[in-house]
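Descriptive structure summary
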Amino acid sequence: MGKVKPNTPVALVVGVTGMVGLSLAEALASPTALGGPWKVYGAARRPKPTWFPSSILDLYITFDALNFDDTLKQLSPIAHEVTHVFWLEIQVRENEESNIPSNSIMLENVIKVLKSATPSPLCHITLQTGTKHYMGPIFDPVLEEEWMLLILGFVEGGF
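Rules used throughout
- Residues numbered from 1 in each chain as written.
- Predicted model: local features only at pLDDT ≥ 70, side-chain atom pairs only at ≥ 80, totals over all residues.
- Heavy atoms only, no water.
- Helix = DSSP H or I, 4+ residues; strand = E, 2+ residues; numbered from the N terminus.
- Buried < 20%, exposed > 50% of the residue type's maximum accessible area, 1.4 Å probe, protein only.
- Contact = heavy atoms within 4.5 Å.
- Areas by Shrake-Rupley, 256 points an atom, 1.4 Å probe, with all protein chains shown as cover.
- Phe/Tyr/Trp six-rings, centres within 6.5 Å; stacked < 30°, edge-to-face > 60°.
- pLDDT = per-residue confidence, 0-100.
- Salt bridge = Lys/Arg side-chain N within 4 Å of Asp/Glu carboxyl O.
- Core = buried A, V, L, I, M, F, W, Y, C linked by side-chain atoms within 4.5 Å.
- Pairing = 2+ DSSP bridges.
- Axes fitted to C-alpha atoms, helices over the stretch in contact; angles between N-to-C directions.

**Notes on the overall build of the protein**
Along its length, the protein carries five helices and five strands. Sequence-ordered secondary structure for the protein, helices as α and strands as β, is β-α-β-β-α-β-α-β-α-α. Taken across its 159 residues, the protein has 38% of its residues classed as buried. Look at the contacts in the protein between residues 6 or more apart in sequence, and 65% of them connect residues 24 or more apart. Surface summary for the protein: the accessible area is close to 9800 Å², and the carbon and sulfur share equals 61%.

The structure is reproduced here in structure tokens:
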């Protein structure tokens, strides 16, 4: 990748080997991207696949986000640069109750490491999958009746 201008946005795309992660990394690295081209770091649990285009990333990082020490070791060298996190990673377990702890630990470990840089330039985090995989369903007692109507009126595959 070319020389980075001052104030260039720096993205960490976690889950870069998925369809959305790859497309996002390509879009951010493009000269036509808003504020671009961005400096793009891509991260995944597994080593870079042979089919993955190396030219779109400034660095491919492999780490286990469930392991804080591994996350710290792999992300500390870039923590002082990352301005934006695009979180596309998700672990799907046997049920939603199992998904929440593992996904929230992964997200928390990455954010802790990136915020540990002094000063931390991190200013934006995007979760593709929404909050239910990290915090559980959001319950608002004020809207309880409206939610119940929505849930009761839902028919999968219906119109």
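**Points about the packing of aromatic side chains**
Tallied over the entire structure, the rule returns three aromatic pairs. On the numbers, 5.8 Å between centres and 55° between planes, the contact of Trp51 with Phe52 is tilted. Residue Phe52 is classed as buried on the basis of its relative accessible area, which comes to 4%. Pairwise contacts between aromatic rings join Trp51, Phe52 and Tyr60 into one cluster.

**Comments concerning the confidence of the model for the protein**
In this model, the protein carries a mean pLDDT of 82, and residues with pLDDT of at least 70 account for 77%. Across the protein, helix H2 (residues 68–75) holds the top mean pLDDT of 97, while helix H5 (residues 144–153) sits lowest at 47. Residue range residues 147–156 is modelled with pLDDT below 50. Its contacts to residues more than four positions away, or to other chains, number one contact.

**Description of unusual backbone geometry**
Note the cis peptide between Gly36 and Pro37, where omega equals 0°. Positionally, Pro37 belongs in the loop between helix H1 (19–29) and strand S2 (39–44). Between Thr118 and Pro119 the backbone carries a cis peptide bond, its omega angle lying at -15°.

**Regarding the pattern of salt bridges**
For the coordinates displayed, the defined rule picks out three salt bridges. The salt bridge involving Arg45 is made with Glu89; its shortest N-O contact spans 2.7 Å. Pair noted here: Arg45 is in the loop between S2 and strand S3 (59–62) and Glu89 is in the loop between strand S4 (84–87) and helix H3 (96–115), with a separation of 44 residues, a long-range link. Here Arg45 falls in the partly exposed class, since its relative accessible area comes to 34%.

**Details of the nonpolar core**
The biggest cluster of nonpolar side chains holds 22 residues, and the ones touching the most others in it are Leu12, Leu75, Val82, Val110 and Leu114. Secondary-structure elements contributing two or more residues to this core are strand S1 (10–14), S2, S4 and H3. When residues in this core are grouped by element, the largest group, six residues, is from H3. Leaving out residues up to four positions away in the same chain, Val82 has contacts with Val10, Leu12, Tyr41, Leu114, Pro121 and Leu122. By size, the runner-up hydrophobic cluster in this structure holds 18 residues, among which are Leu22, Ala44, Ile56 and Tyr60.

**Observations concerning the sheet that holds S1**
Read from one edge of the open sheet, five strands run S3-S2-S1-S4-S5, paired in parallel fashion. The outermost strands of the open sheet, each flanked by one partner alone, are S3 and strand S5 (124–127). Geometrically, the sheet is characterised by an average inter-axis angle of 15° between neighbouring strands, direction not taken into account. For S1 and S2, the ladder comprises five bridges, and the chain directions are parallel. When the sheet's bridge partners are listed, Val14 is paired in S2 with Ala43. Sheet contacts for H3: S1, S4 and S5; angle to S4, the most-contacted strand, approximately 170°.

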